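Observations on the three-dimensional arrangement
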Amino acid sequence: IGGEAGTLQLLERVSSILGPILGGVILGLFGFKYLFILSMILIILSSLPLLFIKNYSIDDGISWSGFCGWSKDRKNRHLLYSFVGQGWADLSEIVWPIFFFVAIGSFALLGGVSSMALAVSSVMTFIAGKIFDKLRKRSGKSDEREYTISTIVYSFLNMARPVFASAWGISIIY
């Protein structure tokens, strides 16, 4: 990860930390209609700079048939499983808040817990980056062991999510 990447990740997540709690408050106070209108205005405003970017294309030879051939090659099998796993993890980032809301029934609580979880994970990412930098400087070795451990813990936490159906249980595992 490294210190620079950890710092960048921390800075990028500030809006992600504030977004859910503000969205939950706006939704709770004014309703979905006003949250939707505000979201559309922000999306349009943030998209305006795209109108001034020079358009270009890259022909890098990527194709569906090339992907199918790549995915059938045994030496790429571990990467294919990794991509499928990441797809499921990305899908859970969409489904999990919906499950959380259905179980809890409060937009404000959903926003608060989401913001808290993002804040904690951002700080932990920053700390992990600093620790990995120190490990590399001290031993000169790679940090594969730490990544393996964190991947295993992350996998178990994701598998444990359905077990926690109370407000506190969901908050802990979220």
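In what follows, the accompanying structure is described.

What counts and how
Residues numbered from 1 in each chain as written. Predicted model: local features only at pLDDT ≥ 70, side-chain atom pairs only at ≥ 80, totals over all residues. Heavy atoms only, no water. Patch = residues over 30% accessible without salt bridge, like charges linked within 9 Å, V, L, I, M, F, W, Y side chains within 5 Å. Areas by Shrake-Rupley, 256 points an atom, 1.4 Å probe, with all protein chains shown as cover. Salt bridge = Lys/Arg side-chain N within 4 Å of Asp/Glu carboxyl O. Lys, Arg positive; Asp, Glu negative; His and termini not counted. Charge placed at Lys NZ, Arg CZ, Asp CG, Glu CD. Helix = DSSP H or I, 4+ residues; strand = E, 2+ residues; numbered from the N terminus. Buried < 20%, exposed > 50% of the residue type's maximum accessible area, 1.4 Å probe, protein only. Polar contact = N/O pair within 3.5 Å; in protein donor to acceptor, adjacent residues only side chain to side chain. Contact = heavy atoms within 4.5 Å.

1. Thoughts on a positive patch on the surface
Together, Lys130, Lys134, Lys137 and Arg138 make up a positively charged patch on the protein surface. If you trace the backbone, Lys137 turns up in helix H5 (residues 107–139). Look at Lys137 and you get exposed, because its relative accessible area is 75%.

2. Topic: the side chain of Ser71
Along the chain, Ser71 falls in helix H3 (residues 64–72). For Ser71, a relative accessible area of 13% corresponds to the buried category. A distance of 2.9 Å separates a polar atom in the side chain of Ser71 from the backbone oxygen of Cys68. For Ser71, the residues in contact, after removing those within four places along its chain, are Arg77 and Leu80.

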